[in-house]
Amino acid sequence: MRKAILICLILGISCKESKNYLNTSQKNTNVSVASLNIERRVDSLLKLMTLEEKIGQMNQYNGFWDATGPIPKSDNQAALKYEHLKNGLVGSMLNVKGVKQVKALQKIAVEETRLGIPLIFGFDVIHGYKTIGPIPLAEAASWDLEAIKKAAQNAAEETAASGINWTFAPMVDISRDARWGRVMEGAGEDPYLGSKIGVARVNGFQGDDLASPKTIAACAKHFAAYGYAEAGRDYNTADIGTSTLYNVVFPPFKAVTEAGVRTFMNAFNLLNDVPATGNEFLQRDVLKNEWNFNGFVVSDWGSIAEMIPHGYAKDIKHAAELAANAGSDMDMESSAYVMELANLVKEGKVEEKLIDDAVKRILRVKFELGLFDDPYRYCNEENEKVVIGKNEFHEDALDMAKKSIVLLKNENNLLPLKKEHQKIAVIGALANDKTSPLGSWRLAGDDGTAVSVVEGLQQYKGNILTYAKGADVVSPDSKVTFVNELKINETDTSGFPEAIKVAKASDVVVMVLGEHGYQSGEARSRANIDLPGVQQELLEAIYKVNKNIVLVLTNGRPLAITWADKHIPAIVEAWQLGVQSGNAIAQVLYGDYNPSGKLPMTFPRSVGQIPIYYNYKNTGRPYGENSDVVFWSHYSDESNQPLYPFGYGLSYTTFSYKNLEIKTLAGREVKVSVDVTNTGTIKGKEVSQLYIQDKFASIARPVKELKGFEMVVLEPNETKTIEFILTEKELGFYTNKGAFVVESGVFNVFVGGSSNTTLSSEFTLE
Ligand code: BGC
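Residues numbered from 1 in each chain as written. Predicted model: local features only at pLDDT ≥ 70, side-chain atom pairs only at ≥ 80, totals over all residues. Heavy atoms only, no water.

1. Details of helix H10 (residues 242-258)
Taken as a whole, H10 carries its principal kink of about 60° at phenylalanine 250; the proline proline 251 stands between one and four residues after it. For H10, the tally of buried residues reaches 13 of 17 residues, placing the bulk of the element in the interior. After H10 finishes, the residue glycine 260 shows a positive phi value of roughly 95°. (Bend = angle between axes of the 7 residues up to and from the residue. Helix = DSSP H or I, 4+ residues; strand = E, 2+ residues; numbered from the N terminus. Buried < 20%, exposed > 50% of the residue type's maximum accessible area, 1.4 Å probe, protein only.)

Below, the structure is given as structure tokens:
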């Protein structure tokens, strides 16, 4: 810092001016005054910066060398990055973890560069940092906003304790394509649920005070339409119309902007033939102007350079020009800005005022994080030891995991399992897997740290448990890492005989089947979404000898398990539930936790139905089920119905809905009430859902749209009346010009425990 002041003196800049950005005495609890002070400090710092230093702030590098040791001279890349860092040409680093590493790099930025501007450290904390929780899609199945917020809050505390101050989460991409591997990272197919969950996550990560050492900046990604990758193939083109963009893709992004998310990430995909990264409409017109977003936008990894293969930029310099002009503020790992931007400004191809705008946004967030007041505020090694992996995080991860489980089928009350005198066979490689439950975004997590299903079940001592693998999911000669393609076991059935023997000798068989942890996530698209490898064969072989099967699915996306649905009496969707996985599954199987999860994404009957989602629009020929005349919208070899619809999930008890009443209120508000009764024999929790249908409008509206949900806990025979208020916000929609309108007319209202509920009534909005 002293060095910075000295430089100011040499440059003839007043010390008063320089002190402004360092001054910590301006801290004020009054938010508006505090942010005013931040604006002043940003401005005074910006005035001191050379063009190169400004561009440096817009440059983000991956940290891949050991920052506590000497810089690897033989590694040209690392040496160059280190040189840039020392010269103030780096504003942020990603994938640096642990206080020691963060501190070492921060020290270079703060103590060796001319102005001492601290780095902001980003990391993919997608579902926990070290204490890995359920994958986001699983969390979404809980519909429990408080629990989801708490999970993000814990993740933030643990992340911050390791020196990191920014997560690349939440991913709020809506997707209707189960082939896309990244559905595991979002909240599913619905914009209303996706918005609520996105906001809960942002509030959890960022808290009320970004400068607290327990909170971190969040990042809404990937702006926009990344979840609409054609054919579900990751990174692929998205081609969608205005209505889908405004009514489906944008809402969660807009909601998190209103909730104060501090950063955005753009996306790899083309959106209607323009790369999201070079898309001025998205980043400037919509995000920064229409929505008044004043944080910053980071590119996705190398996405600036990827505009060249897209056929949109002719070379890296052109790519830098397009991205900067379009409003992409920080360059993640393309080195395009640091190499090209200064020349582009000198040549008049990028205006310096755009650079200033980008830098102000980045500095603003750094100030808000308190990094200028204490660049090492996240760097306390003692605290790191105490906080990482705290018991409390594990307790909350268990709670979240139980809430995420969805009971898909339960014939003859096969579940819950009896606690005594049972011979139970546990079959499937995933039953004994302590890593797959951690999912694919577990960058700081440790392999082998999940409680397996076998371990979870072993805690119930009253039964005799026998485990048989049956078959591996992944071939033993496969590389199993975050970056390598997996080889699935398509042939080895040598474990079948043993599994069949064990199943034959048992009262009940618990089969844990599904996807390996690295079969979903980034770049993990699948063209078939069945049980991978020989698992279907295994299931059928076991079914031949014992029909009392409880199928526990662990997977990162909806699976097409139509055969299982037809034959297997009990099916439990257990996703990838993180470190507490086995404990949560065992408690649900034994009935110590009554499942209440509801699907956040439709399960198709077959992959050919994709995209399949509950809030579709009617064709002109919607009817004809059971008809032998072909001229209606359907498949000749498959039903139009999903296997399990959005919002669906059973409980060990049952619920009924009655007395649906609608009252129109003043101010174009509508009150909907309904009585929910627990009609079963045990206490249970129900997620009551409200859907509307705008029956006739200036553009066609979906057959159903989720517009409210309430969680209700009921004792047997207990009834509660629940109420929903619909306002113009829920009743309106965006036109094909992107304008929000609320049109009068008749609306259907549906209430129930799933999107396929038929209890309905209607009202007229004047
Ligand atoms: C992903 C982003 C992620 C980034 C940094 C990219 O490949 O698309 O979601 O945040 O890498 O790891």
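2. Description of the site of the ligand
Leu94, Asp124, Phe168, Arg182, Lys221, His222, Met265, Phe268, Asp300, Trp301, Met332 and Glu522 make up every residue found near the ligand. The contact in question runs from an oxygen atom of the ligand to an N or O atom on the side chain of arginine 182, over 2.7 Å. Take glutamate 522: an N or O atom from its side chain is 2.8 Å from an oxygen atom of the ligand. (Near = heavy atom within 4 Å. Polar contact = N/O pair within 3.5 Å; in protein donor to acceptor, adjacent residues only side chain to side chain.)

3. Some points on the packing of aromatic side chains
Ring pairs (aromatic) are described by centroid distance and by the angle formed between their planes. Here the structure, examined in full by the defined rule, presents 30 aromatic pairs. Ring geometry for tyrosine 543 against tryptophan 563: centres 5.4 Å apart, planes inclined by 85°, an arrangement best described as edge-to-face. On the criterion of sequence distance, the pair formed by tyrosine 543 in helix H19 (residues 535-545) and tryptophan 563 in helix H20 (residues 562-567) is long-range, its members being 20 residues apart. A relative accessible area of 15% means that tyrosine 543 is categorised as buried. By the ring-pair criterion, three or more aromatic residues cluster together here, those being Phe223, Tyr246, Phe250, Phe253, Phe264, Trp291, Phe293, Tyr734 and Phe740. Its guanidinium or amino end placed over the ring of tyrosine 613, arginine 176 lies 3.6 Å from that ring's centre, counting from NZ or CZ. A cation over an aromatic ring shows up here: lysine 547 above the ring of tyrosine 543, its NZ or CZ 4.4 Å from the ring centre. (Phe/Tyr/Trp six-rings, centres within 6.5 Å; stacked < 30°, edge-to-face > 60°. Lys NZ or Arg CZ within 6 Å of the ring centre and 35° of its normal.)

4. A few points about the pairing of strand S5 (residues 219-223)
Across the 5 residues of S5, 5 count as buried, placing the element largely inside the fold. The pairing of S5 with strand S6 (residues 263-266) spans 3 bridges and is classified as parallel. Paired with phenylalanine 223 across the strands is asparagine 266, a residue of S6. Taking the sense of rotation as the criterion, the β-α-β connection linking S5, H10 and S6 turns out right-handed. (Pairing = 2+ DSSP bridges. Right-handed = clockwise from strand over helix to strand, strands pointing away.)

5. Considering a nonpolar patch on the surface
On the surface, a nonpolar cluster with roughly 320 Å² of combined accessible area is contributed by Val629, Val630 and Phe631. When you line up the elements, valine 629 lands in the loop between helix H21 (581-589) and strand S17 (655-665). Overall, valine 629 belongs to the partly exposed group, its relative accessible area being 49%. (Patch = residues over 30% accessible without salt bridge, like charges linked within 9 Å, V, L, I, M, F, W, Y side chains within 5 Å. Areas by Shrake-Rupley, 256 points an atom, 1.4 Å probe, with all protein chains shown as cover. Salt bridge = Lys/Arg side-chain N within 4 Å of Asp/Glu carboxyl O.)

6. Quick word on helix H5 (residues 76-86)
Three- or four-residue spacings in an α-helix give side chains the same orientation, since the helix completes a turn every 3.6 residues. Listing the buried residues of H5 in full gives Ala78, Lys81, Tyr82, His84 and Leu85. Along the long axis of H5, the arc covered by the buried residues comes to 160°, so they all point the same way. Where H5 is buried, its residues meet strand S1 (59-62), strand S2 (92-94), helix H6 (99-112) and helix H13 (336-346). Backbone nitrogen of glutamine 77 and a side-chain oxygen of the N-cap are separated by 3.2 Å at the start of H5; the cap is aspartate 75. Just past H5, the residue glycine 88 takes up positive phi, approximately 75°. (Arc of directions from axis to C-beta. Contact = heavy atoms within 4.5 Å.)

7. Here's the deal with unusual backbone geometry
Following alanine 169, the chain continues into proline 170 via a peptide bond in cis, with omega recorded as 5°. Structurally, the position occupied by proline 170 is in the loop between strand S4 (166-167) and helix H9 (191-206). The omega torsion of the bond from leucine 415 to proline 416 falls at -5°, within 30 degrees of zero and hence cis. With respect to the helices and strands, the residue proline 416 is situated in the loop between strand S11 (406-410) and strand S12 (423-427). At asparagine 95, a position not held by glycine, the phi torsion is positive, near 65°.

8. Some words on the packing of H10 against helix H11 (residues 280-290)
In the contact formed by H10 and H11, the axes pass within 12 Å of each other and the chain directions differ by 50°. Viewed along their axes, H10 and H11 adopt a mutual orientation that is oblique. In the packing of H10 onto H11, the handedness of the crossing is right-handed. Of the residues in H11, those touching H10 at Leu245, Tyr246, Phe250 and Thr257 are Phe281, Leu282, Val286, Leu287 and Glu290. (Axes fitted to C-alpha atoms, helices over the stretch in contact; angles between N-to-C directions. Parallel < 35°, antiparallel > 145°, perpendicular 65-115°, else oblique. Left-handed = near helix turned anticlockwise from the far one by under 90°.)

9. Here we look at the sheet that holds strand S19 (residues 684-694)
Two pairing modes exist for strands in a sheet, parallel and antiparallel, and in both the strands are linked by backbone hydrogen bonds. One open sheet accounts for 4 strands, arranged S20-S19-S24-S25; its pairing is antiparallel. Strand pairing shows two members of the sheet lacking a second neighbour, strand S20 (705-714) and strand S25 (760-765), which therefore form its edges. Averaged over all neighbouring strand pairs, the angle between strand axes comes to 20°, with direction disregarded.

10. Overview of the side chain of glutamine 609
Structurally, the position occupied by glutamine 609 is in the loop between H21 and S17. Accessibility expressed as a relative area gives 4% for glutamine 609, which makes it buried. A distance of 3.0 Å separates a polar side-chain atom of glutamine 609 from the backbone oxygen of glutamine 641.

11. What to know about the sheet that holds S17
If you walk across this open sheet you meet the 3 strands as S17-S18-S21, and the pairing is antiparallel. The open sheet has two free edges, formed respectively by S17 and strand S21 (719-726), since each of these has just one partner strand. The average angle at which neighbouring strand axes cross in this sheet is 20°, direction not considered. The pairing of S17 with strand S18 (residues 669-678) spans 9 bridges and is classified as antiparallel. Bridge pairing links threonine 664 to valine 670 in S18.

12. A few points about the packing of helix H8 (residues 145-161) against H9
The N-to-C vectors of H8 and H9 enclose an angle of 35°; their axes lie 7 Å apart at closest approach. Considering how the two elements wind past one another, H8 and H9 form a crossing that is right-handed. Across the interface between the two elements, Leu145, Ile148, Lys149, Ala152, Gln153, Ala155 and Ala156 from H8 touch Lys196, Ile197, Ala200, Arg201, Asn203, Gly204 and Phe205 from H9. Split into classes, the residues belonging to the contact of H8 with H9 amount to 8 nonpolar, 3 polar and 3 charged. (Nonpolar A, V, L, I, M, F, W, Y, C, P; charged D, E, K, R; others polar.)

13. Considerations on the pattern of salt bridges
Tallying each qualifying case throughout the model produces 49 salt bridges. Lysine 346 is the salt-bridge partner of glutamate 52, the closest N and O atoms lying 3.3 Å from each other. Linking glutamate 52 in helix H4 (residues 51-57) with lysine 346 in helix H13, this pair joins segments that are 294 residues apart in sequence. In this structure glutamate 52 comes out as partly exposed when scored by relative accessible area, which is 36%. Residue classification places lysine 346 among the exposed residues on the basis of a relative accessible area of 57%.

14. Overview of the environment of methionine 58
Relative to the assigned elements, methionine 58 resides in the loop between H4 and S1. Considered as a pair, methionine 58 and valine 256 are 198 residues apart in the sequence and their alpha carbons are 23 Å apart. Leaving out residues up to four positions away in the same chain, methionine 58 has contacts with Asp329, Met330, Asp331, Tyr337, Leu341, Ile355, Ala358, Val359 and Ile362.

15. Side note on the side chain of serine 673
Tracing the sequence through the fold places serine 673 in strand S18. The class for serine 673 is buried, based on a relative accessible area of 12%. In this structure, serine 673 is in contact with Asn659, Leu660, Glu661, Thr721, Ile722 and Glu723, ignoring residues within four places of it in sequence.

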